[in-house]
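# Summary of structural features
Now for the letters of each chain:
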Amino acid sequence: MGMKYFDSGFEVKGGCNHEFVQGKWDGETYWSDDSLILDDDILNGLNLSGLLDSVAPAYDPFGPTEFTVEQWKAVREKAAETGGELEFLIQELEGWLGPLPDAGIAFTVLGV
């Protein structure tokens, strides 16, 4: 995939990771080949956790949290305002998500 921050589900090597699942999570599948994996140190080091929490107050870094298309738009806007590495990380995530519907669940984050 050639990403700087994320690994794919089949590349998980252990540790504290957050899994990003496209759309709504099925409630039972973990480490799917089409998931993206983000190390906890990166999530916290770039303050992605703070950004996610600012647009989705129900965000739980230890459990599943769904992000709507509207919340995803807010994440992109805030990352663009912040700039730097956080914005680049969000651009990687956006490339993986691809085109989204006008409404609904954009992605789900499965916490550590």
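That block above? That's the structure.
What comes next is a walk through the structure. The shown structure was predicted, so the numbers you read here are calculated from the model rather than taken from an experiment.

Another aspect to go through is helix α3 (residues 69-82). A rise of 1.5 Å per residue sets the reference length of α3, with its 14 residues, at 20 Å; its end C-alpha atoms lie 20 Å apart and thus fit the reference within 8%. Residues V69, Q71, W72, V75 and A79 constitute the buried set of α3. Along α3, the residues classed as buried sweep out an arc of 155 degrees about the axis, all on the same side. Among the exposed residues of α3, those pointing more than 90 degrees away from its buried face are E70, E77 and E81. Looking at the packing, one finds that the buried side of α3 touches α2 (48-55), β4 (64-68), α4 (84-97) and β5 (105-110). Immediately downstream of α3, the backbone of G83 shows phi near 75 degrees, a positive value.

Read from one edge of the open sheet, 5 strands run β1-β3-β2-β5-β4, paired in antiparallel fashion. In this open sheet, the two strands that pair with only one neighbour each are β1 (6-8) and β4. This sheet shows a mean twist of 30 degrees between the axes of neighbouring strands, independent of strand direction. Examined bridge by bridge, β1 and strand β3 (residues 36-39) share 3 bridges and lie antiparallel to one another. When the bridges of β3 are listed, D7 appears paired with I37. In this fold α3 packs onto β4 and β5, with an angle of close to 85 degrees to the strand it touches most, β4.

Rules used in this analysis
The residue numbers shown here count from 1 along each chain, following its written sequence. For a predicted model such as this one, the threshold for reporting local features is a pLDDT of at least 70, and the threshold for listing and counting side-chain atom pairs is 80 or more; totals across whole chains, interfaces and linings nevertheless cover every residue. Processing note: side-chain calculations cover all non-hydrogen atoms of the structure and skip hydrogens and water entirely. The numbering of helices and of strands both runs from the N terminus, where a helix is a DSSP run of H or I of at least 4 residues and a strand a run of E of at least 2. Working rule for helices: expected span equals 1.5 Å times residues minus one. Accessibility here uses a 1.4 Å probe with only protein chains present; expressed as a share of the type maximum, an area under 20% marks a residue as buried, one over 50% as exposed, and anything in between as partly exposed. Directions drawn from the helix axis to the C-beta atoms are what define this arc. Residue contacts are counted whenever heavy atoms from the two residues lie within 4.5 Å of one another. Strands are treated as partners if at least two bridges between them are detected by DSSP. Angles here are taken between N-to-C directions and fall from 0 to 180 degrees, while the axes themselves are lines fitted to C-alpha atoms, restricted in helices to the stretch in contact.

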